[in-house]
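# Structural features, examined
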Amino acid sequence: MPLEDAAPLENTAPTSRDRQARLATFAVFFVQGLTFATLLTQVAALQKKHGLSDGELTILLLVVPLIAGAGSALAGAAASRWGSRLILRLVQPLACAAVVLAGLAPNVPMLVAANVLFGLGLGGVDAGMNMQGVAVEREYGRAVLTGFHALWSVAAVVGALWASAAATLGLGLPVTFAVALVPAAAVAVFSSLWLYRPEEEHRAASVRAEGAGAGTGAGAGRPAGAAWRPIIPLCLAMAFLYVGDSSVSNFGTVFMDKVLHASATVVPLALGAYQLTTFLVRVGGDLAVRRWGPAAIVRAGGAVATLGFVAVVAAPTVPLAIAGFALTGIGLSVVAPQSFSAAGRLDPAGTGVAIARVNMFNYVGFIVGAALVGGLADASGFRVAFAAPLVLAAAIILLARGFQPRTAGPATATTVVTP
């Protein structure tokens, strides 16, 4: 049976303006997924072009999430004043340009500079697009955020396919990047015209808050220092998710090669299975959230991801390992969109601060995952290393309660996150 308060919002009829903003937000998510995949699929080519050692490459890659965390924090501060539309209009084309500059970089210092720009853009866009997604969800009055993340996954696949086609055609890095991202930047600028304006974005939030009485009661007037408390479960779940995600993305193929001795043809199927199930679950994720509620979906996701990592750690054969990676994709795919959605509910004023803070833990998890699994693998092997994300995926089950919408009223008012 569905939970009584499974739906975090009251259903309303979307207007043509809401549908326009939703389409624009879809475009923003698509461009972001394409930008991210276009760069990451060419990491090996960039390493070869600049003669980077594995250690130097690792440091270069870690620059991106570190800077992205700062970009997300800046986006949260700016959005509370000017709204997320302006951020996306300025920063998303910057992220596209940064990738093209990375392809053009004649030396390592210029490549580092391009990476810094990309990190700022990545963090700003990740935060801003989820602010717009939450605003759309509020106006629609039902869960829609997972659908945006599903399109991000589609765009990442498109970026990977383009990288493969460009390599087949023998295109250089500048051309490969420019062909994909110059049109993408144009789409970003055009679609930003349709995004919610600050008064719409903040009005949508304030109207919902007034209707639910969220601005009164125990949560009102809390000092800024207390604002972190209600989002801590969301931040931890986001970090634990990305420890698992970075483990699969960075070391899944290595696990298949070094532990199970899979053939070169089969090795990529680990990441492929993970990405495919991530996309498929996100396609229907909003329907599941409407039916059973976000807390139940996150709890189930944590359980399935834990089972997937158990299968990976214990896998005696290649097929079982691939099945394990597929299960981790099913389980982890629901956590990020529900983290942002829950953060939006804890920010009835629509400032975007809570969303930006939760987004920062995306990069924390990525960095921790790469360092933790890589370090354990060097010390004890990859089977032991993959036990670390297993434990953290299980912890998401315990954190799921923090995702449950609170019924607002005199006795149980929503806690407000303030800038």
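## Let's talk about unusual backbone geometry
- If you check the backbone angles, H261 has positive phi at about 55 degrees while not being a glycine.
- For H261, the location among the structural elements is in the loop between α9 (232-258) and α10 (269-292).
- Here H261 falls in the exposed class, since its relative accessible area comes to 63%.

## As for the pattern of salt bridges
- Counted according to the given criterion, the structure contains 3 salt bridges.
- One salt bridge connects R17 with E200, and the closest N-O pair in it is separated by 2.9 Å. Of the two residues, R17 sits in helix α1 (residues 16-40) while E200 sits in helix α8 (residues 198-212), which places them 183 residues apart along the sequence.
- Judged by its relative accessible area of 17%, R17 falls in the buried class.
- For the salt bridge of R197 with E199, the shortest nitrogen-to-oxygen distance reads 3.0 Å.
- Within this structure, R17, R197, E199 and E200 form a network of salt bridges that share partners.

## Observations concerning the environment of I397
- Examined against the element boundaries, I397 turns out to sit in helix α16 (residues 387-399).
- For I397, a relative accessible area of 28% puts it in the partly exposed group.
- Along the sequence, I397 and A300 sit 97 residues apart, while their C-alpha atoms lie 7.3 Å from each other.
- Those residues in contact with I397, other than ones at most four positions away along the chain, are R299, G302, A303 and T306.

## Some thoughts on a nonpolar patch on the surface
- Judged by side-chain polarity, L74, L94, L101, L104, L117 and L120 come together as a nonpolar surface patch covering roughly 480 Å² of accessible area.
- Where the nonpolar patch is concerned, the elements lending two or more residues are α4 (84-104) and α5 (108-140).
- A per-element tally of the nonpolar patch places α4 first, with 3 residues.
- Note on placement: L101 falls in helix α4.
- Classification of L101 as partly exposed rests on a relative accessible area of 42%.

Procedures and definitions
Per chain, the residues get numbers from 1 upward, laid out in the order the sequence is written. In view of the model being predicted, local features appear only for residues whose pLDDT reaches at least 70, and side-chain atom pairs are presented and counted only at 80 or more, with totals across whole chains, interfaces and linings using the full set of residues. Think of the side-chain values as coming from all heavy atoms in the structure, minus any hydrogens and water. The helix count covers DSSP runs of H or I at least four residues long, the strand count covers runs of E at least two residues long, and both are numbered beginning at the N terminus. For every residue, the accessible area obtained with a 1.4 Å probe (protein chains only) is divided by the maximum for its type, and the residue is called buried under 20%, exposed over 50%, and partly exposed between those limits. The term salt bridge refers to a pairing of a side-chain nitrogen on Lys or Arg with a carboxyl oxygen on Asp or Glu at a separation within 4 Å. Contacts between residues were defined by any pair of non-hydrogen atoms, one from each residue, lying within 4.5 Å. To count toward a patch, a residue needs a relative accessible area above 30% and no salt bridge. Like charges then connect within 9 Å, nonpolar side chains (Val, Leu, Ile, Met, Phe, Trp, Tyr) within 5 Å. To be clear on the numbers: accessible area is Shrake-Rupley with a 1.4 Å probe, and residue cover counts the displayed protein chains and nothing else.

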